[in-house]
Amino acid sequence: MRLLFTLLICITAARAGDHFLGWQSCASSGCHGGGKGDDQMLVWQKSDAHSRAYGTLISERSKRIAEALGVGEAAKSNQCTVCHSPMESAATAKIANALKNPNHGVSCEACHGPAENWIRFHTRKDISHAQRVAAGMRDLDTAYQQSNTCVGCHGNLPAGLAKASHPTLRFELARQLVEMPAHWENFDAGQSAKAWLTSQAALLRELCWLSEKGNAQPERIAALQWVLRETASGAELLPADPAPAPLRTAADKLAKAASKIKWTTEKTRTQFDRTAALGGQVKDFAQAEALVPALRALVLGLDPKVMPRAKDSLVSLDLAIRSPALFDAKKFSETVAQLTAAVSTKP
Ligand code: HEC
Ligand code: HEC
Ligand code: HEC
């Protein structure tokens, strides 16, 4: 319930009272639909998992998760729709227009904000970005704002869902922006370190907040703190103490600051070496879980020629954190060493 509440706040955060219009409102030809050229709707419907997020709830796997939780039909339970079809959760109060068909999936407005007050004028050339944002469009310009948008659904799974075998959620923005089929001009992979640092600081902030609310996850918090303090701005801004409230404030500061830092390839390289050196110290699963996304994002931020050499080790690292029961710290450290060697080799 608490999650539902947070998320509703989050997706309606732009301005209380604004209404969602549904993705059909964005889809007309000449706007974001029509099937040619710069067509966000086509990308979303054809290739983006978000458009199928509601469909997932009708699968056998969802049926088993819902049974384990005892929530009846997944597609009708708030415990699932809150992330998989948020307009559904918001439907009664917030869907404004005559669309009686539920707006399934994670659609445009879940990320871009309720369109009621900007849809009519947002394409006008004389309207500034600031004016659109003031009318309720979510500002997605910076890594900070992007992280805040995704982290609500990707950052943390309620404990009950994890026990019911819902897939583990791991949020890291650089990877997810690469894996989400782009309906935007270009994500600058050279700034992957920025996306990583910003998103992990935002994730740390959320975990601290949950911790203050009674959902303590001390291992995950300590692990993120450990990885992030091994960066220049993290060492400066994050306390070493694990007390959640001050750490939450500091983590938000770090996320904001990180969102403004520009990375060069050399700087990313230095950070990669520093972060990879943590591989030899890993003792528990949570540390490995925090380290793997960092290493992948930092490799993404290097020269694109590095990725093919690093790929096998990165796949092994993903496999290494599939299950806490099968985790082997020694083997994990060896794989990080392999990755470091692969990244350092001159092609
Ligand atoms: C309202 C909740 C919500 C928001 C906000 C959200 N997502 Fe998602 N995302 C989901 C759900 C649910 C899925 C799983 C879809 C499925 O397969 O059923 C998903 C899937 C994905 C996937 C595919 C994962 C995979 O392994 O196939 C990527 C990549 C992704 N999201 C990236 C992002 C990014 C980047 C953002 C922020 C810009 C974001 N998401 C914001 C709920 C959300
Ligand atoms: C906190 C947000 C959240 C909640 C709540 C949630 N999910 Fe998910 N779910 C996700 C995200 C995000 C993914 C994509 C994970 C990834 O691959 O990165 C996902 C993935 C899945 C998948 C795997 C999809 C695939 O294609 O592999 C299933 C099945 C699933 N969810 C079912 C459910 C069911 C059933 C419920 C309710 C009992 C539920 N989820 C509640 C966020 C959520
Ligand atoms: C899961 C989150 C998410 C969903 C769902 C989503 N978007 Fe986006 N959208 C983004 C992000 C992130 C960006 C990139 C912002 C940036 O880099 O400035 C973006 C960028 C855009 C842009 C700017 C394109 C550009 O080249 O700068 C448009 C237009 C857009 N989205 C329209 C849509 C439409 C229409 C839909 C529904 C079909 C949609 N979006 C669904 C997250 C989302």
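Data block above holds the structure.
Note that the structure is a prediction, hence the values are computed from the model and not measured.

Engineer: Can you help me understand the coordination of the iron atom of ligand 3 in this one?
Structural biologist: The expected angle between donors at a tetrahedral four-coordinate metal is 109.5 degrees. At an octahedral six-coordinate metal it is 90 or 180 degrees. In the first shell of the iron atom of ligand 3, the protein supplies His112 (NE2) and His183 (NE2), at 1.9 to 2.0 Å from the metal. Taken together, the 6 donor atoms coordinating the iron atom of ligand 3 span angles of 89 to 179° at the metal, a pattern that classifies the geometry as octahedral. Taken together, the residues span a long stretch of sequence, with histidine 112 in helix 7 (residues 108-112) and histidine 183 in the loop between helix 11 (173-179) and helix 12 (192-212) at a distance of 71 residues.

Engineer: Would you explain the site of ligand 3 in this entry?
Structural biologist: Residues in close proximity to ligand 3 total 17 residues, the closest being Cys108, Cys111, His112, His183 and Glu185. Here histidine 183 contributes a side-chain N or O atom positioned 2.8 Å from a nitrogen atom of ligand 3. Contact distances for ligand 3 include 2.9 Å between an oxygen atom and a backbone N or O atom of glutamate 185. For the shell around ligand 3, the class distribution of residues is 8 nonpolar, 7 polar and 2 charged.

Engineer: What is the right way to read the coordination of the iron atom of ligand 2 from this model?
Structural biologist: Listed as protein donors to the iron atom of ligand 2 are His84 (NE2) and His166 (NE2); their distances from the metal cover 1.9 to 2.0 Å. With 6 donor atoms in place around the iron atom of ligand 2 and angles of 85 to 180° between them, the coordination shape is octahedral. Of this pair, histidine 84 sits in helix 5 (residues 78-84) while histidine 166 sits in the loop between helix 10 (159-163) and helix 11; the two residues are 82 residues apart in sequence, bridging distant segments of the chain. Overall, histidine 166 belongs to the buried group, its relative accessible area being 18%.

Engineer: Please explain the pattern of salt bridges as it appears in this structure.
Structural biologist: Close approach of charged atoms allows side chains of opposite charge to pair. Evaluation of the coordinates by the stated rule reveals 13 salt bridges. A salt bridge links glutamate 206 to arginine 205, with the shortest nitrogen-to-oxygen separation between them at 3.0 Å. Residue glutamate 206 is classed as partly exposed on the basis of its relative accessible area of 23%. Where salt bridges share partners, they join Arg175, Glu179, Arg296 and Asp318 into one cluster.

Engineer: Explain the site of ligand 2 to me, please; I cannot follow it from the model alone.
Structural biologist: Not every one of the 20 residues close to ligand 2 is listed here, only the nearest: Gln79, Cys80, Cys83, His84 and His166. Histidine 84 is positioned such that a nitrogen or oxygen atom in its side chain is 2.8 Å from a nitrogen atom of ligand 2. Note that a nitrogen atom of ligand 2 is positioned 2.7 Å from one of the side-chain N or O atoms of histidine 166. For the shell around ligand 2, the secondary-structure elements that each account for two or more residues are helix 4 (60-69), helix 5 and helix 9 (143-154). Looking at which element gives the most residues to the shell around ligand 2, the answer is helix 5, with 5 residues. Tallied by class, the residues present in the shell around ligand 2 amount to 12 nonpolar, 7 polar and 1 charged. Each of domain 1 (2-139) and domain 2 (144-344) gives at least three residues to the shell around ligand 2.

About the criteria used
- Residues numbered from 1 in each chain as written.
- Chains lettered and ligands numbered in written order.
- Predicted model: local features only at pLDDT ≥ 70, side-chain atom pairs only at ≥ 80, totals over all residues.
- Heavy atoms only, no water.
- Donors = N, O, S within 2.8 Å, 3.2 Å for Na, K, Ca; no water.
- Tetrahedral: all angles 85-135°; square planar, octahedral: opposite > 155°, others 65-115°.
- Helix = DSSP H or I, 4+ residues; strand = E, 2+ residues; numbered from the N terminus.
- Near = heavy atom within 4 Å.
- Polar contact = N/O pair within 3.5 Å; in protein donor to acceptor, adjacent residues only side chain to side chain.
- Nonpolar A, V, L, I, M, F, W, Y, C, P; charged D, E, K, R; others polar.
- Buried < 20%, exposed > 50% of the residue type's maximum accessible area, 1.4 Å probe, protein only.
- Salt bridge = Lys/Arg side-chain N within 4 Å of Asp/Glu carboxyl O.
- Domains from an automatic or database assignment.

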